[in-house]
Each structure stands twice: as structure tokens, then as C-alpha cells.
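# Remarks on the overall topology
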Amino acid sequence: MSEHLSYVGKRMPKPDLAGKVTGEAKYTEDLVIPGMLEGRILRSPHAHALIKSIDISKAKALPGVVCVLTHKDCPEQKFSRSTMAEALPEFAFSGERQDQYILSEKARYVGDWIAAVAAEDIYAAERALELIEVEYEVLPAVLDPFSAMAKDAPKVHDDVKANVAFEMDHPFNTGDVDKAFAEADAVAEFSGVNSRQKHLHLETDAAIAYFEADSRLVIVSPSQGPHLAKKHLTRRVFTDLDDGDIRWISPTIGGGFGARLALGVEPVAVLLARASKRPVRVTSTREEDFSGYSSRTDQHQTIRVAATKDGKLLAVEQKIVSDAGAYLSHSATTSIVNMQKTLGLLRCDNIRGHLTVAYTNTPTTSGFRGYGNPEGAFVFQQALDRLAEKIGMDPMEFRLRNLKQVGDPSCFVPSVLEHTKLEECIRLGAERFGWSQKWTGWGEKREGRYRRGVGMSILTHASGAGGFLLEHSSAVMKVLSDGTLNLIVSPCEMGQGILGALAQVGAESSGLRYEQVRVTTGDTDVTMFDIGSHASRSMLVIGNAVAAAGAKVKDQIKALAVAKFELRQVSATAEQIDVREGRVFLTDNPKIGFDVREIAYDAIYNFGAEGGQIVATGSYLSTSHHPNHQAAFAEVEVDTETGQVTVARYVVAHDIGRAINPLLVEAQLEGSAVQGIGFALTEDFVIDPVSGEVLSDSLLTYRLPTTMDVPDMDNLLVEDPLPAGPYGAKGVGEAGLVNPAPSIANAVYDAVGIRIHSLPMSADKVLWALRHGDQAAKGSSRVSGQHL
Amino acid sequence: MARQIGSFKINGRVREAIIEPQMLLVDVIREKIGLTGTKRACASGNCGACTVLVEGLPVCSCLTLAITAQNKDIRTVEGLRAADGELHPLQQAFIDHCASQCGFCTAGMLMSATALLEANPRPTRDDVNRGLSGNVCRCTGYVKIVDAVLDAAQKIVAAREVTA
Ligand code: FES
Ligand code: FES
């Protein structure tokens, strides 16, 4: 019997959109709490400086100013903007160094937070910032990780030797790598570094803190993980408070992409609210978001690969040097994930990885969609192409020969790969793209001003980090008297569409109507514990929790239906009854039945009835990371006179398990692909090498893709249900950002025979390499000495 | 600087607010009038999130001094739906095509698209791409936005033909 599905697999509209197209959706900055003060932060103009003294008297005297705070007013414990320490096992703690105060005692980057002001209006708050007098003693600064680790370099943190914030060997190094390289038929190497891509969520950072009855603290902010943030804030920062003393509300979020996983201005809002005993809203400008918030971590890498002449991958070696910026935040963990994904993508017996993360006097970096995977893929997928070229093999064929199969160790060793459709993705994508016609072999010389080329790339990514993070979640369901399903779940709504997909799972599993699902989220007093929206985890982990709750609701409805059928002179056991799309009916005679409302109404409003409202909870604990996979094919055109690279065609095939809502999956794939194209070609985070100032601090100088940069795209789904997924689903949110840069880089090489070693592959770099040859580029990879 | 009472015709209704000469239209619309559907994302004219229509033309309200917009016809996203509450075809198409994710660019996109369709009721895909190239969206990758605008254009034209 084929499975009947009412909603799963359908292109349903997502529920949050009604408020977004009418302007009714409320974001943090749209909310006004009576009596609310405006908070602003004073930021350091120096990359590295001691604070000799701060005179706040003039600022305090300004009419309208309520309080001015400095380092002296902050809690004494250090904390990390990353909240992940609370979700990790003990052994991973060293990657979560607690290394900063809310307001700094010493300026460690241009933009570091020095003082905070709360005033009656924004104009007074801004004026007060100008009146704070700080006497700095400027210190020599280190602005890149290699000079930071050099002998006698200035120290960013006094207690950290040689500015090495974190160092580790890949925990699952294996085999005899040196022997494998020595014996291989071919060896290739590629070095490169990604740029500090900015999340560029359009909503700039903001937070409101206020007290409700009983002096209980309420925080409103665009957090991607308010439960964990609350725990972190009470455990590491305001240690006089505990988990129950804070209610954290994430309203509609104007984009996250990983940035909201770290704390933003929330601690400052709390500090000011506690000092002023008034509600406080702290806001930031776009320029401040550029220099003082977070970005992707720049990871300098060298990857060496070795193979036999018939294309068996023998060894992979990866060395990473990451630039954390002034504070560690997520930079160590994203670099670890880079190693996991890079070294774990293909079948290979000899792997070795090493990672060093250095502090510099530059803005703090953080987790960004893909979380290390796009950083690694840009380098690794080019190294693979170089190796394929050396053995004269089609790069697609080379990858196909080395794919992991079910039962192999997975990229999250020591677990085992239980499901993969990567091969199907490659074949399907190649067919749609026309790879076999478009790929014409290595070393083909092309002529003319505009030259076309093709390239490909593959990836594996997690659907949650079961076994590593606290991957459990719970959902609550209440059925109202009209058959409405109140679904209470934890993921935050930052645009990813997860609430729609969960509503579909909720309606499908309970048998209620999708149109009558009302989803509540974002309030820690209402939702159950959950570690937040990241790691492409929500669909799998929370989806399973919702399906579990739905099954219980359905059982309750069936049990209550027995008596209702009896009233109609129909005798049936619960097993003979089913519920679908809001209707209760007999399985073997679907015509006999009635609307679920009758039961839902009676459960609440019938005085004589036993029991009460239909309510259920469902929980799920994920113990694996259930990888999703993807293959991508790019065709580019290079203008050899200007260096401009245009992506003409981009085809993706994604191993989704099952698409709960193909429309939402496509939306995720399209959005992440275009972010990936920006990462590949235009988005350049430029720090002045002398002053440490961020030079690309506006949308004029930091170029995001627009409608004019979107290629002809196809996003194909390979559907083969994952047994552990809700209705077979895997995650999809992040993967799409991984493949664009490497597939475009490989296509640029196919078109014009040059490889660019640093992102973005902007026109100026391409033109320079075209004129001078990429081997002649000035400077060299500081990891290996290879030319950039 | 002289405070004054400013008079604004927003979405067909006259609204008054105490303004100062340096105040920007986006702040008056959001903070003084309380229409928070209009967003500010860069405050420098580079993203289009704050787009509203003044006398039918799209402007960045973050670059417009509020005093210059007094007594002019201003339209914001809150004024798009019909008097009976029915969604504008563009709003409906944005829902149907999933053309909004986080929604922060959506008000600006809808207003730019409204102006575009009023000027050019039968745009090609390229026309829409060009018309919206000043509106940044970080989430969607634009494909579904352009799909939605083309779909709405067709429906608006078809509805007009029926009435004609
Ligand atoms: S906020 Fe006005 S253009 Fe960006
Ligand atoms: S939907 Fe998020 S910026 Fe467009």
C-alpha cells in the first residue's frame, strides 16, 4: 500500500509570510516598551591600545543621559560571544575559550566596545558617546595570524602565549600519510584563503532588556538560540542570575546565517537596564555591524592530496591557520568542522589534519552558514582538480571513484555513514548540466575575449551534530475547540521556512488541517529547551519531535472518536479509525466519519465529558549527524580584458532524504547559492593593513549580489527517505553555500588556465593573474610557501 | 533647531507629527507615525529596504528629509492591501512563490515592484531584474522574487482586461 500523505511533499505557503508582506511582522527594533531608553556603545578607534583613563563626567551631565558605563561596571568573569560551551561535551571546551568582558579593559580591535550609554532618546545617547573622554596608550598591533605568531609579536591577550588561541591535530588522523605520499603516482597541492564574508543580515544587531513583574529580566533580541543564550548569560556573565531568572524572546528575525548564534549587544542591554532600572534598547548601525559584530573566519589552508594513476585517492593532508580576530568566539569550532568535512568527504585511508587559530587585533569572527565547510571546499575541491589533471582524469570521474559508501566511516568519525545519495546527485546534476558535452578535457586552450569554462564540486554536510552537541528537542501540541492545532516549537523564525515545514509535519502526523496550524516560537517561557537554529538540524531533530507529538495527538483523537462513532450507531475500535486533514473516519469505509472539531470541541467545552483538552508533547534525541550531500556544476564566462567572471549556469543536485516542502527547499538552495556566488566573486572584507580599520564598511564598498548577478540556476532534489528523518527528511539550510566558490574556481581554471588562491575571485585578481600568470603572483601562502 | 508640526499624507490619511528639520522620513514613518513595516537596513541609500513611494515614485526614505515629503502622497507597505483587506496581487504572489524569507527586504521590494508595475505593466524578466537591482535581499537569491513580480504582473493585467 502506498503511503498517503496530505501535506508532506507539497509546496505549501509558509505561515510567517502573511505578516511579512503586510508589514505587520514585528522585529526587535519595531517593539517599543513604555519608558524605554536608547542605548549606544562607544567603540575603540584603535586596533590595540591600553585604556589609561575614561572620563564620563561630561557625558553624564548631558541632559537626557541616564547612565554611562565602562569596564569597571561589568561583571568580573570573562565569557565568549559563542554560547556553544553550554551545548558541548567537556572535551571540546578548549575551543570555547571564555576570553572577553562586556566592555573591554583594553582595546583589542578597531570597534572594540569601550563604554555604553543609556539616554532618553537616540540623539542624546549619540551625543553622549562623543562626550566620553578616553585616554588611550596606543600599542603596536598584529593584523594577520602569521605576524601574530611570530617571535616577540605584541600580545593580544596577556595570558596567551604567542597569540595561539587554539591548536589541535585532527582527532581522527589515520594511516601512514608520509608513506602514502611517497608511494603515490601523483601528488597535488593547493593553498588558499577565504575572505571574511559578512553575514549581512539586513536587520542590524539590536536588543531590548527590561524587567517584568517580580523584577524578572526579559531580553528581546534576534537570537538564533535563546535557550542556550540564556543559560550562557547566567552561567558565564551575570552569575547572580540563574536559568529561571530570564525570559528570552526572539521575535521575527531579519536574517541570521549563523551570526545570531553568538551573543550580540544583549549583554550591554542587560547591563544598562540593570544600572538604570529602566527598559533599554541597544541598537547598532550598519557600519558598526561591519566592524564590531562578526564575519566568517579567514582560514589559510594548504591541502595536499595523493592518488594512484587510476584515480584512487591515497592521502589527504590539511593544514589550517585561522585568524580568530580579537576574541575566539566560533573561529576554532568552525575550523574544526572544516577539517571534519574536508578530510571526511571521500574514502581515504591516510589522513592528517592540523589546525592553529591565532588571535589578531581585528574584529571577532564567528560561525557563518556552512560553518567551515565553504572555507575548506574552496581549497580542497581545487586540490582534487589539480590531482585529477595530473592523472589525466575527468574531475567528475575522479570524485565518483572515491565516494564514501554506506557502512564507511562517516565524516563525523567515529560514526558510520548510514545513508548517502551523493553518487545519484553527481549523475543527475551532470546530466542536467550536460557535463559530458561541456567538459572537453584538461589543458584545452580557448581563444577570444570572452572564454567559457566549466567546473564542479561536491560536499557532505551535517543535519545536526548528534553525538557532539546536545541534540535534543521537544514540541508541544494543543488542540483548540475548532480543531486548530497550536504547535509550540523552538526554532527561531529567521526566514529559513522551518516553521512552515514543521507545521506540515505537525498537520500530517496529527491528522489536523495545515491551514489551522498556529505555530508559536521564540519565547523561552513557552517553548521547550533546544540548542537553536543552526547546523541544518531543525528539520531532522525538531521535525522528529513534532512527528512524535503528532502521533500522540492522533491517538487521543482516535480514542475519543470511538464513543462518537457509538453515538452514530457505528462500532469501531481505535485501530479501525484514522484522522486526516481534520476529518475522523473509518479506515475501511472512509465515507463514514465526521469533522475533528466535534471531538476537539467536546474535549474542552462538554461538562459531562471525561478528561480535558487534547494535549501532547513529543521529544527526540539525535545521536548521529545524518549527513546531506550535494553536487554542483558551474559554467562561467571570463572577460579576459577586465577580469570579470560571470556565472552563466549553475546546477545543483541535493540529497535531501525527502523534501517536506520542495518550495522551501528550493528557496534555501537558491538563497544559499547566491550567497555562495557573492562569497566566490564579490564579497570582500578589507582591513587596512596599517590601522586595522575595516575599510569595506558599507554596502557600497562591500558588494553583495543583486538581481543582476543571478545565473540561470537549477536546483534538483534527490529524494530517498532517510530512515531516521521525519518522513525521511534531512537538512538543507547550509549546504548550498559550500559548492559555488570551488565549482566556479574550477570553471575559471577550465576557461583561462589560472587559479585564484584567495577569495573573492574579483576582477582585479583575475586580471592580474591573466597578465602575469598565477604562479607569478606576489606574496605566498604563509601556510606552505606556495604562491598565491 | 525649530520643532514644528509636520503634516504627512500616508496611505491616503493625513497624519501629523512633531518633527525637527534634520529628521529623516524613515524615522518619522517608523517612530513618529508608528508604521514599522518600512525597514532601515543601511541608512545610506544602498539597500532599498526603506523604499516608499512619494507621489508614486520609489525613494529611499533613509535619505529623504521628512520636511520635504510633507503634504505629498506617501505610500508604504501598510497601504498596499485593498480597503477590504484583500492583499495586493504582489503581496499574494510573494506568499505563493515564497519570495520572502526573513522579510526584512520585503517591504522595500514590494514598493519598488509596485512602482515598476505601475510604470511598466508587462515587464520582461530582464526588466524586473533591472527594476529591482537597487533592492538588496540577502536571503532569497532573488529568483522567487522575480518569479512573483512576473506572476503578479500577469494577474494584474488579466484582472484589468476582465474589468475592461
Ligand atoms: S535603509 Fe535606506 S537604502 Fe538602505
Ligand atoms: S528576505 Fe531576508 S533580506 Fe530578503
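Reading the values: the criteria
Residues numbered from 1 in each chain as written. Chains lettered and ligands numbered in written order. Predicted model: local features only at pLDDT ≥ 70, side-chain atom pairs only at ≥ 80, totals over all residues. Heavy atoms only, no water. Contact = heavy atoms within 4.5 Å. Buried area = accessible area lost by both parts, 1.4 Å probe. Salt bridge = Lys/Arg side-chain N within 4 Å of Asp/Glu carboxyl O. Polar contact = N/O pair within 3.5 Å; in protein donor to acceptor, adjacent residues only side chain to side chain. Core = buried A, V, L, I, M, F, W, Y, C linked by side-chain atoms within 4.5 Å. Buried < 20%, exposed > 50% of the residue type's maximum accessible area, 1.4 Å probe, protein only. Helix = DSSP H or I, 4+ residues; strand = E, 2+ residues; numbered from the N terminus. Pairing = 2+ DSSP bridges. Right-handed = clockwise from strand over helix to strand, strands pointing away. Expected span 1.5 Å × (residues − 1). Domains from an automatic or database assignment. Axes fitted to C-alpha atoms, helices over the stretch in contact; angles between N-to-C directions.

### Topic: the interface of chain B and chain A
Frequently, the measure chosen for interface size is the accessible area removed from exposure when the parts meet. At the interface, 42 residues of chain B touch 54 residues of chain A. When the two sides are added together, the surface that chain B and chain A hide from each other amounts to roughly 3800 Å², 59% of it contributed by carbon and sulfur. Our count for the contact surface shared by chain B and chain A stands at seven salt bridges. Glutamate 670 of chain A is paired through a salt bridge with lysine 144 of chain B; the nearest N and O atoms lie 3.2 Å apart. Applying the counting criterion to the chain B and chain A interface returns 21 residue pairs in polar contact (both at pLDDT 80 or more).

### Observations concerning the nonpolar core
Val305, Ile426 and Ile744 of chain A together with Phe94 of chain B are the most contacted members of the largest nonpolar core, which has 140 residues in total. Beyond its immediate chain neighbours, meaning those up to four positions away, isoleucine 426 of chain A contacts Met396, Leu400, Leu403, Met456, Ile458, Ala631 and Phe633 of chain A. In this structure, Val579, Leu586, Phe594 and Ala729 of chain A belong to the second largest nonpolar core, which totals 50 residues.

### Structural notes on the side chain of threonine 252 of chain A
Mapping threonine 252 of chain A onto the fold places it in the loop between strand 11 (246-249) and helix 7 (266-276). A relative accessible area of 17% places threonine 252 of chain A in the buried class. Within the structure, the side chain of threonine 252 of chain A is placed 3.2 Å from the backbone oxygen of lysine 26 of chain A, a separation counted as a polar contact. Ignoring anything within four residues of it in the chain, the contact list for threonine 252 of chain A reads Lys20, Ala25, Lys26, Tyr27, Thr28, Glu203 and Glu493 of chain A together with Cys102 of chain B.

### Looking at the pairing of strand 1 (residues 4-10) of chain B
Each regular strand shows side chains that alternate between the opposite faces of the sheet. Residues and elements named next belong to chain B. Pairing of strand 1 with strand 2 (residues 13-19) involves seven bridges; the strand directions are antiparallel. Across the sheet, residue glutamine 4 finds its bridge partner in strand 2, namely isoleucine 19. Hairpin geometry of strand 1 and strand 2 is characterised by an intervening segment of two residues between the two adjacent antiparallel strands and by a positive phi of about 50° at asparagine 11. Judged from the two bridges that link them, strand 1 and strand 5 (residues 73-75) form a sheet pairing that is parallel. Residue pairing for strand 5: lysine 9 is matched across the bridge by aspartate 73.

### A short note on the pairing of strand 14 (residues 313-325) of chain A
Residue and element names in this part refer to chain A. With 12 of 13 residues buried, strand 14 lies mostly within the body of the structure. Two strands pair when backbone bridges link them, and strand 13 (residues 298-307) and strand 14 are joined in this way by 10 bridges, in the antiparallel orientation. Each residue of the ladder has a partner; that of valine 305, found in strand 14, is valine 316. Turn length for the strand 13-strand 14 hairpin, with the two strands adjacent in sequence and antiparallel, is five residues, and the turn residue glycine 311 shows positive phi of about 90°. As judged from the 10 bridges shared by strand 14 and strand 15 (residues 350-359), these two strands associate in the parallel manner. Counted as the bridge partner of alanine 315 is asparagine 350 from strand 15. Regarding the hand of the β-α-β motif, the stretch spanning strand 14, helix 9 (residues 331-344) and strand 15 is right-handed.

### So, helix 14 (residues 498-510) of chain A
Residues and elements named next belong to chain A. The end-to-end C-alpha distance of helix 14, which contains 13 residues, comes to 18 Å, matching closely the 18 Å that a straight helix rising 1.5 Å per residue would cover. Most of helix 14 is tucked away, with 13 of its 13 residues classed as buried. Of the residues one or two after helix 14, glycine 511 is the one with positive phi, at around 90°.

### A short note on the domain arrangement of chain B
All names here are of chain B. Each domain of chain B was delimited in the assignment, giving domain 1 (4-79) and domain 2 (89-163). Placing the centre of domain 1 and that of domain 2 at their C-alpha centroids yields a distance of 22 Å. Each partner contributes to the interface: domain 1 provides 16 residues, whereas domain 2 provides 13 residues. Roughly 1100 Å² of surface becomes buried between domain 1 and domain 2 when both sides are summed, with 65% attributable to carbon and sulfur atoms. One can count one salt bridge joining domain 1 with domain 2. Between glutamate 118 and arginine 75 there is a salt bridge, with the nearest N and O atoms lying 3.4 Å from each other. For the pair domain 1 and domain 2, the number of links is three residue pairs in polar contact (both at pLDDT 80 or more). Considering every element that reaches the side of domain 1 that touches domain 2, the biggest residue donor is strand 3 (residues 51-54), with three residues.

### As for the sheet that holds strand 11 of chain A
Residue and element names in this part refer to chain A. Spatially, 3-5-1-12-9-10-11 is the arrangement adopted by the seven strands of the open sheet, whose pairing is mixed. Each edge of the sheet is formed by a strand with only one pairing partner; in this case those strands are strand 3 (65-70) and strand 11. Pairwise comparison of adjacent strand axes, ignoring direction, gives a mean angle of 20° for this sheet. Packed on one face of the sheet, helix 3 (residues 122-131) meets strand 1 (37-43), strand 3, strand 5 (113-119) and strand 12 (280-283) and runs near 25° to strand 1. This element, helix 7, spans strand 1, strand 3, strand 5, strand 9 (206-212), strand 10 (216-220), strand 11 and strand 12 of the sheet and lies at about 35° to strand 9.

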